[in-house]
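Topology and contacts: notes
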Amino acid sequence: MPMTDMTTKERILDAGEALIAAEGFDGATLRQVTSAAGVNLAAVNYHFGNKEGLLRAVLARRIGPINSERIAALDRLEARATPPTLAEVTQAFLLPMLAMHHDEKGRAFIRRLLGRFLTDQGAEWLPFFIEQFKEVKERFAAAFRACLPHLTPIEIVWRMHFAIGAAAHALADETRLEVISGGMCNARDSEVLMRELIQFIRGGLEAPSSVSEEGGAP
């Protein structure tokens, strides 16, 4: 039975995700992608235009739903009569990302592609991430600012950056913590991981300002 366009597209995306994670954007070739997906080059060109288009689609497939869930969660919080708390905003920001840990495909993405992105940030990645995270950054920066009036806007951005980094690091490496802790910690336990990570990040977000009243470092 011939493959439908959707099936062909998904196969290309799966192959592209695996190869970009393994080889990096520069190392992975469209010939490798077509071979792994069992399609010809014309199919890749039809669906994605070029290799950069494929990269954008690979990342959008995983990151787009996360950011949509973040915005939807924040919309629900801000639609209430009472302002959202820091705990609620933090959970809205982090839980959609952490929820990937429950899903095997999501965990594979975290281990492979997210790990690659953290160590291989070429110029081809940056326009996509600026585009994908623009609304999330603006909406959550404003929400955190409302919860944390003692911080400057610059400090809010720094702390959001550190929060994403902590979450990405924790999700991308499931085994290191278990080894370092001598088996006491199991990063594959999603519930414990989310509880401890959110508690840690909340503490960092609400820490005192590092800027003095005069505008300089204390």
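Okay, so let's go over this structure. (Residues numbered from 1 in each chain as written. Predicted model: local features only at pLDDT ≥ 70, side-chain atom pairs only at ≥ 80, totals over all residues. Heavy atoms only, no water.)

By volume, the second largest pocket is sized at about 390 Å³. Listing elements by their share of the lining of the second largest pocket, those giving two or more residues are helix H8 (153-172), helix H9 (176-180) and helix H10 (190-205). In terms of residue class, the lining of the second largest pocket is built from 11 nonpolar, two polar and three charged. (1 Å grid on protein atoms, 1.4 Å probe; cavity = no way out; pocket = protein on both sides within 12 Å on 5 of 7 lines; lining within 4 Å. Points joined across faces, edges and corners; volume = space filled by probe spheres on them. Helix = DSSP H or I, 4+ residues; strand = E, 2+ residues; numbered from the N terminus. Nonpolar A, V, L, I, M, F, W, Y, C, P; charged D, E, K, R; others polar.)

With that out of the way, let us pick up the pattern of salt bridges. Applying the stated criterion across every chain yields a total of 10 salt bridges. A salt bridge links Arg61 to Glu10, with the nearest nitrogen and oxygen atoms 2.9 Å apart. Of this pair, Arg61 sits in helix H4 (residues 51-78) while Glu10 is found in helix H1 (residues 5-27), placing the two residues 51 residues apart along the sequence. Since its relative accessible area comes to 29%, Glu10 is described here as partly exposed. A salt bridge links Glu131 to Arg56; the shortest N-O distance between them is 2.6 Å. Of this pair, Glu131 sits in helix H7 (residues 126-147) while Arg56 sits in helix H4, and the two are 75 residues apart along the sequence. (Salt bridge = Lys/Arg side-chain N within 4 Å of Asp/Glu carboxyl O. Buried < 20%, exposed > 50% of the residue type's maximum accessible area, 1.4 Å probe, protein only.)

What follows is about empty space enclosed by the protein. Following the criterion strictly, the structure yields one cavity of 30 Å³ or more and no others. Put simply, the largest cavity is a space of about 40 Å³. As for the largest cavity, its lining consists of Gly16, Ile20, Phe25, Ala28, Thr29, Leu30, Val33, Lys51 and Leu54. The element that contributes the greatest number of residues to the lining of the largest cavity is H1, accounting for three residues. A class-by-class count of the residues in the lining of the largest cavity yields six nonpolar, two polar and one charged.

For the rest of this paragraph, the subject is the environment of Cys185. The topology assignment puts Cys185 in the loop between H9 and H10. Separated by 10 residues in sequence, Cys185 and Thr175 have C-alpha atoms that sit 9.6 Å apart. Ignoring any residue separated from it by four or fewer positions in sequence, one finds Cys185 in contact with Leu177 and Glu178. (Contact = heavy atoms within 4.5 Å.)

This is a description of form; function is not addressed.
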